[in-house]
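Now for the letters of each chain:
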Amino acid sequence: MRSLWLQVAAVTAINLKSIGQRRWLSLSTVIAIALVVIVLLAFLAMANGFQRTIAGSGADDIAIVLRAGSQAEINSTVSRDQVRLIEDGPGIARGGDGKPLISPELYLVVDGIKRSTRTKANLPLRGIGEQGTALRKDITITAGRMFNRGSNEVVVGKALLREFEGFDIGSTVSFGATRWNVVGVFEAGGSVFESEIWADLNVVQSLFNRNNVVQTVRARLTGPAALNELKSYSDNDPRLKLDVKSEAAYFAEQASQTSDLIQKLGWPLAIAMALGAVAGALNTMYSSVAARATEIATLRAIGFGGFPAFVGTLAESLLLAVIGGVLGAAATYLIFDGVTASTLGGNFTQVVFDFKLSPWLIAEGVALALIVGLIGGLFPALRAARLPIVEGLYAH
Amino acid sequence: MNDFDLVRKNLFRRKLRASLMIVSILIAFMIFGVLAGFYRAFTAGEDRAAADRMITVNKINFTQPMPIAYFNRVKTVEGVRQVTFANWFGGYYQDPKNFIMALAIEPNTYFDVYRSEFEVAPDQLQAFTRDRGSAVVGEKLARKWGWKIGDRIPLNSNIFSQKSGGHTWDLTIAGIVKGKAEHVDTNFMLFQYPYFDETRSFGKDTIGWMILQTTSPENNDRVAKAIDAMFANSTAETSTDTEKAFGKAFAAQFGNIALIVLLVVGAAFVTILMIVGNTMALSIRERTREIGVLKTLGFSGPRILTMVLGESVLLALLGGIPGLVIAALIAVALRNSLANVAPAFAVSPTIALQGLALMIALGLITGIIPALNAMRLKIATALGRG
């Protein structure tokens, strides 16, 4: 038994040392596998970054109330009377002054210019109620100040400022005939809110002629369990019949559609490319076996078994795959990790997000590389193991 | 035996190696075909936009409404041949997941402005304009749900509600809209704006956007300026642009699709180029002695160059053409499920031609170094080697 492993070790060492003789062929396999991994990981990092930005935006103890069937904030309408009924609903937390902690909100789409492409893009302008900031975690004004209620002042999210032109503090932006002053920049813990513009609800309502309606109501619940109370309250009152969801559930739904699409595009592409890389790896390994035919036959003639030849060839293939996988992952990390992108989200407005690699994704990429190496090495390894000695000795 | 036979026999001397290379090339061109088809579908709106058509939207953003009174005022602008308007409805059928691209339109002018794209039988169009509660549906959508003329369809809105409180409009199908060309998407439902406006609970007397046709594309600029100036400093300022520019700006919002396509196709190509190039070099090296023999027999250097290049180009074509065919089949299979995102998803003749050009380029690039080496080979060296 021990001698078998010694044989395996010896043949593997010979194989690996001889890679240099086939450096161009081996290098092309390594690069092919690295490219496959880069494409896969770039897509997965994009889906992951998008998912994190949106799914990280919601809280369990915040309820979001929308018109039944509307699915996204932009489509929803909630009347002033309905807002009052929700205020009196069960399960809603109250502040020190006894007032319910709710924020009726109006969500409008306005135009902005994207810095990188200088094209028009849909940006969200959110009119928030008095409790608007208190209902979101980690809201901090990082520059300037909060808008004053009743004035046409806005604060903008950090991500929006970075990606779109003309929102620096002190500048004036005009949406239609009205002009707004940018007075502050806020951070929101990397959530989707950082892609928004916020203003006072009442001002937005009057300047956009939407006096009697809002789109959504956000409410702080006494606890995550209170959601069901509020839900059945809405279901049982014919004047309401609204969709009540936890904010976390709402954002999870929003995130899943787009990131699903990205993943559904990424995996098939990566697999198709991986098949190409397998063909390349097979080529390399068959050539490797052919080039070493005499050597393998000689080893067999002096008493080495077929198994060491098999392992040696497979090890060479796997080593090339691992190098390719690691190179690909490293390149993806250097090129794509942290790259900012934006796309249309579920609300028909731009969501700014960063590409984000995770250890788990890197593991997926390296695993794909190993599969390519395994398949690419298996058949040539079998050939090496079965090579008839006499034929091998006369190979040249 | 002519040169082509030699090329063919050389290529398939090692069947397994040749098949593997063909498979990698096939996959590269499959990826190319699918991505290029997808990209074309994505930007199709831009390409087929009529040069004399313009879109007027609210300056704040195209999702903001503007007063219906604008319609009559725009009609009078010099250089405007015809105007129509539409309003987004946010439609779905039975379940919010069954999204339907539904618009409330101005029934008398809409099909005039879009006459180069859509066709409705005259009697059906007449029935539609006469009956306020009727709708016309695109051929594709009608086929999807098995709808026929005379069917009553409950159309839900995820935005609007009726004055009576419901969210459903019952519409009778008066006609089927056919596309006049293959690439025209007919996955929509159109119904009368007057009926919609009268029954909705909010937003009365506002419209989503106007589509106008100018008397000539040369007037586009002047017309756009005249319209936007007319509504400057009003509560709803407008922004007028060509249909093409509008479509382009909209597509850009999804992110840089073109760059992604380029990256992936590029990566796939570099991969294949390396694999094929290396293998070609290897197989020519193996044949050094033979090339020496051919030269001894009187084959000229250029003739050998052509033969080696012919071999690599043949290889590229053998892999590439089936790859494009598979891409075309994938496009057909996916067309329905991608109807909302990329309605005109197909591997077009242009893409096929581009693909062919790429195949030849791939063949020439991978073959050129081994071919030059073979051409320059000295007989003595060749026969002395190996």
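Cut-off values and rules
- Residues numbered from 1 in each chain as written.
- Chains lettered and ligands numbered in written order.
- Predicted model: local features only at pLDDT ≥ 70, side-chain atom pairs only at ≥ 80, totals over all residues.
- Heavy atoms only, no water.
- Helix = DSSP H or I, 4+ residues; strand = E, 2+ residues; numbered from the N terminus.
- Rg over C-alpha atoms; globule rule 2.2 N^0.38 Å.
- Buried < 20%, exposed > 50% of the residue type's maximum accessible area, 1.4 Å probe, protein only.
- Lys, Arg positive; Asp, Glu negative; His and termini not counted.
- Charge placed at Lys NZ, Arg CZ, Asp CG, Glu CD.
- Contact = heavy atoms within 4.5 Å.
- Areas by Shrake-Rupley, 256 points an atom, 1.4 Å probe, with all protein chains shown as cover.
- Phe/Tyr/Trp six-rings, centres within 6.5 Å; stacked < 30°, edge-to-face > 60°.
- Arc of directions from axis to C-beta.
- Core = buried A, V, L, I, M, F, W, Y, C linked by side-chain atoms within 4.5 Å.
- Buried area = accessible area lost by both parts, 1.4 Å probe.
- Salt bridge = Lys/Arg side-chain N within 4 Å of Asp/Glu carboxyl O.
- Polar contact = N/O pair within 3.5 Å; in protein donor to acceptor, adjacent residues only side chain to side chain.
- Nonpolar A, V, L, I, M, F, W, Y, C, P; charged D, E, K, R; others polar.
- Patch = residues over 30% accessible without salt bridge, like charges linked within 9 Å, V, L, I, M, F, W, Y side chains within 5 Å.
- Axes fitted to C-alpha atoms, helices over the stretch in contact; angles between N-to-C directions.
- Parallel < 35°, antiparallel > 145°, perpendicular 65-115°, else oblique.
- Left-handed = near helix turned anticlockwise from the far one by under 90°.

A. Quick peek at the overall build of chain B. When helices and strands are tallied, chain B shows 15 helices and 14 strands. Its C-alpha atoms give chain B a radius of gyration of 30 Å, clearly above 21 Å, the size a compact globule of 386 residues would have. For chain B, the spread of C-alpha atoms along the principal axes amounts to about 95 × 45 × 35 Å. In chain B, buried positions account for 53% of the 386 residues. Distance between charge centroids for chain B: 12 Å, based on 40 positive and 30 negative side chains.

B. How the structure looks around the overall build of chain A. Within chain A, the secondary structure is distributed over 11 helices and 14 strands. Taken over the C-alpha trace, chain A has a radius of gyration of 30 Å; the compact-globule value for 396 residues is 21 Å, which it surpasses by more than 25%. For chain A, the spread of C-alpha atoms along the principal axes amounts to about 95 × 45 × 30 Å. The buried share of chain A, reckoned over its 396 residues, is 57%. The contacts of chain A with a sequence gap of at least 6 include a subset with a gap of at least 24, amounting to 79%. Here chain A displays about 16100 Å² of accessible surface, and carbon together with sulfur accounts for 59% of that area.

C. Looking closely at the packing of aromatic side chains. All names here are of chain B. If you walk through the whole model with that rule in mind, you get 37 aromatic pairs over all chains. Between the aromatic rings of F29 and F269, the centroid separation amounts to 5.3 Å while the plane-to-plane angle is 80°, which identifies the pairing as edge-to-face. In this pair, F29 is assigned in helix α2 (residues 15-42) and F269 in helix α11 (residues 257-286), connecting sequence segments 240 residues apart. The buried category is assigned to F269, whose relative accessible area is 14%. With centroids separated by 5.0 Å and ring planes inclined at 80°, the aromatic side chains of F89 and F191 adopt a geometry described as edge-to-face. Here F191 lies in strand β11 (residues 189-192) and F89 lies in the loop between β3 (80-88) and β4 (91-92), a separation of 102 residues in the sequence. Both residues of the pair, F89 and F191, belong to the buried class.

D. Representation of helix α3 (residues 80-87) of chain A in the model. All of the buried residues along α3 of chain A are Q82, V83, L85 and I86 of chain A. Along the axis of α3 of chain A, the buried residues cluster in a sector spanning 160°; they form a single face.

E. Structural view of the nonpolar core. By size, the foremost hydrophobic cluster in this structure holds 112 residues, and its most contacted members are W198 and M273 of chain A together with I31, F32 and V264 of chain B. By residue number, the principal contributor to this core is helix α2 (residues 23-55) of chain A, which donates 17 residues. Apart from residues lying up to four places away in sequence, M273 of chain A is in contact with L35, V36 and V39 of chain A together with I27, I31, V264, A267, A268 and T271 of chain B. Counting residues in hydrophobic clusters, the runner-up holds 44 residues, among them A63, I102, V173 and V352 of chain A.

F. Representation of the interface of chain B and chain A. In this complex, chain B contributes 47 residues to the contact, which on the side of chain A involves 47 residues. In this assembly, chain B packs against chain A so that about 3900 Å² is buried in total across both faces, 65% of it on carbon and sulfur atoms. Inspection of the region where chain B meets chain A yields 0 salt bridges. Across the chain B-chain A interface, the total number found is 17 residue pairs in polar contact (both at pLDDT 80 or more). Breaking the side of chain B that touches chain A down by element, the ones donating at least two residues are α2, α10 (243-252) and α11 of chain B. Considering each element in turn, the side of chain B that touches chain A owes the most residues, 12 residues, to α11 of chain B. Taken together, the residues of the side of chain B that touches chain A sort by class into 28 nonpolar, 16 polar and 3 charged.

G. Spotlight on a nonpolar patch on the surface. Residue and element names in this part refer to chain A. Residues I371, L374, I375, L378 and F379 make up a contiguous nonpolar surface patch of about 410 Å² in total accessible area. With respect to the helices and strands, L378 occurs in helix α10 (residues 359-386). On the basis of relative accessibility, which here comes to 31%, the residue L378 falls in the partly exposed class.

H. Structural view of the pattern of salt bridges. With the rule as written, the count across this model stands at 32 salt bridges over all chains. Salt bridges linked by common partners bring E73, E105, R126, R136, E196, R218 and E247 of chain A together as one network.

I. Spatial organisation of the environment of G367 of chain B. All names here are of chain B. Mapped onto the elements, G367 comes out in helix α14 (residues 349-376). On the basis of relative accessibility, which here comes to 0%, the residue G367 falls in the buried class. For the pair G367 and S157, spaced 210 residues apart in sequence, the C-alpha to C-alpha distance is 60 Å. Apart from the residues within four sequence positions on either side, G367 is in contact with V308, L309 and S312.

J. Highlighting the side chain of S246 of chain A. All names here are of chain A. Tracing the backbone shows S246 in strand β12 (residues 242-246). Judged by its relative accessible area of 9%, S246 falls in the buried class. If we skip the residues at most four places from it in the chain, S246 touches A59, D60, I62, A63, I64 and L227.

K. The arrangement of the side chain of R22 of chain A in detail. All names here are of chain A. Relative to the helices and strands, R22 is located in the loop between α1 (2-17) and α2. Here E316 takes part through its side chain, which lies 2.7 Å from a polar atom of the side chain of R22. Ignoring anything within four residues of it in the chain, the contact list for R22 reads N15, S288, R292 and E316.

L. How the structure looks around the packing of α1 of chain A against helix α9 (residues 306-336) of chain A. All names here are of chain A. Here α1 crosses α9 at 45°, and the two axes come no closer than 8 Å. As judged from the angle between their axes, α1 and α9 are oblique. Viewed along their axes, α1 and α9 form a crossing whose handedness is right-handed. Residues L4, W5, Q7, V8, V11, T12, N15 and L16 of α1 pack against F307, P308, A309, V311, G312, T313, A315, E316 and L319 of α9.

M. Spotlight on the environment of E106 of chain B. Residue and element names in this part refer to chain B. Tracing the backbone shows E106 in the loop between β6 (102-105) and α5 (110-113). Considered as a pair, E106 and P194 are 88 residues apart in the sequence and their alpha carbons are 7.7 Å apart. Those residues within four positions of E106 in sequence are excluded, and the remaining contacts are F71, T84, F85 and Y193.

N. Summary view of unusual backbone geometry. Phi angles above zero are rare outside glycine, and R118 of chain A is one such case at about 55°. The class of R118 of chain A is exposed, set by a relative accessible area of 56%.

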